[in-house]
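Understanding the architecture of this molecule
If you want the building blocks of each chain, they are given just below.
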Amino acid sequence: ALHMNIAIIGTGYVGLVTGTCFADMGMNVTCVDNNTAKIDSLKEGVIPIYEPGLAPLVQKNYEAGRLSFSTSLQEGVAKAEAIFIAVNTPPDEDGSADLSHVLAVAREIGETITGYTLVVTKSTVPVGTAELVKAEVRKSLDARGLQHVDFDMAANPEFLKEGAAIKDFMSPDRVVVGVESDRASRIMKRIYRPFLIASDRLLVTDIPSAEMIKYAANAMLATRISFMNDIANLCDLVGANVEMVRKGIGSDARIGTKFLYPGCGYGGSCFPKDVKAIISTARQHGYDMRVLRAVEEVNEAQKHLLFHKLMAHFGGSAQGITVALWGLAFKPETDDMRQAPALVLIENLLSAGANVRVYDPVAMNECRRIVGDKVHYADNIYDAAKGADAIMLVTEWKEFRMPSWSAVLAGMHPAGPDMAPPPVFDGRNIYDRTELGAAGFSYYGLGK
Ligand code: NAD
């Protein structure tokens, strides 16, 4: 076939972005999901996730007829030359990646295909998963008496960032493709050529290496964050300023400037789960990932840090005080609250008897879904600060960067005569201590 027909199984963050971007480059794409509500709403033009630029791109390609949505894998796969598996791979109880959705899809693919197809794992999956998928597809084909049907496997991990997903997908730093046949390699090159015209950034590897690259990349990024959190905590103790330290080391070309920001812990659907999964893979092979175990431990502690600073400020009790939480999402430009530090802080504050007032530009509904009415949902940061005794900045949304501090303070509960001025706990180091001091606040940053 001259034209490229593609099926994407799993229409979440990764599946929807991948499918939409392929369609935007002229390919015919069917996005499949077994969540009927999700597919129905997509057909009505309602995008189930918040991702800048995604909605108009979906709409454009849907209206052009290049992008369609279906709950039926059979329908999506019927004409597809390549099938991308992009379903979720959540952590199992023991931290390993739960492959049940991936393998269920593999089984269904084997029950459906009738001729040569390329089966691509796009989900983040441990080394060896492509082998398991292959065996599953083969088993289903055998059961249908279709031993002669040929198919290939490819591993194509995804590196997009939530919040910049379209940009990352359209101009990737690199595309990693693990294959074991020339035919598979040719198809993958053809699919990705439109994205790599400006510079050839396709890295073709064997399948296990491609699977490993994704985990190693996320584990490295998580390591940088925990490392900097450790450095920031030490800076606090010795009187150094981590912001200067960060610039001082980031200017070293061997280190680089990115992912050197201390904070209140990494969250999201990827780093926590992928770090756990690689530790678990190693354990299954009798190897102990000592560095990554420490990375996890530092991160867990860091999520509680603002709460400990608050307790210390209020002399060991938060009973009856009111705290404004600015930001809920695990990072800006997303409504994703999976493993978000905000959830840990809300839990800490509520169990210490504090009242919590929250505001986030896009994650309010998500928070309502998870936390319910145990916290007060405010209209904006000033409303969140109303009657509050303390402010906690948890997510560094742009609109939080330069508040009118006088307006914030005017709404807050005044500190008692013998008390320090109301505290601001800056979980992302975005505020200036001097400015906040002058505005009448006690300022707590991280390592500065
Ligand atoms: P998600 O939970 O947003 O979406 C997964 C989708 O798969 C859901 O809509 C679900 O209904 C669907 N699904 C599950 N089982 C199915 C089945 N049997 N048939 C059809 N559909 C099924 O997940 P996500 O964030 O898109 O992540 C998908 C994978 O990509 C994960 O392995 C993740 O680790 C990886 N990944 C995610 C990101 C990210 O930023 N979110 C980035 C890179 C890689």
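This structure is a prediction, so every number in the text was calculated from the model and none was measured. (Residues numbered from 1 in each chain as written. Predicted model: local features only at pLDDT ≥ 70, side-chain atom pairs only at ≥ 80, totals over all residues. Heavy atoms only, no water.)

Another aspect to go through is the packing of helix α9 (residues 207–238) against helix α12 (residues 290–303). Here α9 crosses α12 at 55 degrees, and the two axes come no closer than 9 Å. By the angle between their directions, the pair α9 and α12 is classed as oblique. Where α9 crosses over α12, the two elements pack in a sense that is left-handed. Seen from α9, the contacting residues are Ala-219, Ala-222, Thr-223, Ser-226, Asn-229, Asp-230 and Asn-233; seen from α12, they are Val-291, Leu-292, Val-295, Val-298, Asn-299 and Gln-302. (Axes fitted to C-alpha atoms, helices over the stretch in contact; angles between N-to-C directions. Helix = DSSP H or I, 4+ residues; strand = E, 2+ residues; numbered from the N terminus. Parallel < 35°, antiparallel > 145°, perpendicular 65-115°, else oblique. Left-handed = near helix turned anticlockwise from the far one by under 90°. Contact = heavy atoms within 4.5 Å.)

So, about the pattern of salt bridges. Counted under the stated rule, the structure contains 19 salt bridges. Between Glu-158 and Lys-122 there is a salt bridge, with its nearest N and O atoms 2.8 Å apart. Here the residue Glu-158 occupies a position in the loop between β6 (151–155) and α7 (165–170), and Lys-122 occupies one in the loop between β5 (117–121) and α6 (129–143), the gap between them amounting to 36 residues. For the residue pair Glu-158 and Lys-122, the accessibility class agrees, reading buried in each case. Here Asp-274 ties to Lys-273 by a salt bridge, and the two come within 3.0 Å at their closest N and O atoms. By relative accessible area, Asp-274 is classed as buried at 2%. Overall, the relative accessible area of 14% leaves Lys-273 in the buried class. Shared partners join several salt bridges into a network, and the residues in it are Arg-107, Glu-136 and Lys-139. (Salt bridge = Lys/Arg side-chain N within 4 Å of Asp/Glu carboxyl O. Buried < 20%, exposed > 50% of the residue type's maximum accessible area, 1.4 Å probe, protein only.)

This next bit is on the side chain of Thr-395. Looking at the secondary structure, you find Thr-395 in the loop between β12 (390–393) and α17 (405–411). Within the local environment of Thr-395, its side chain forms a polar contact with the backbone nitrogen of Leu-328, the two atoms lying 3.3 Å apart. With sequence-adjacent residues up to four places away left out, Thr-395 is seen in contact with Trp-326, Gly-327, Leu-328, Ala-329, Lys-331, Pro-332, Asp-360, Phe-400 and Arg-428. (Polar contact = N/O pair within 3.5 Å; in protein donor to acceptor, adjacent residues only side chain to side chain.)

This next bit is on the site of the ligand. Around the ligand sit 26 residues, and of these Asp-33, Lys-38, Thr-89, Glu-162 and Lys-273 come closest. Thr-89 places a side-chain nitrogen or oxygen 2.6 Å from an oxygen atom of the ligand. Between the ligand and Lys-273 there is a distance of 2.5 Å, counted from an oxygen atom to a side-chain nitrogen or oxygen. Of all the secondary structure elements, the ones that give two or more residues to the shell around the ligand are α1 (13–24) and α5 (100–110). (Near = heavy atom within 4 Å.)

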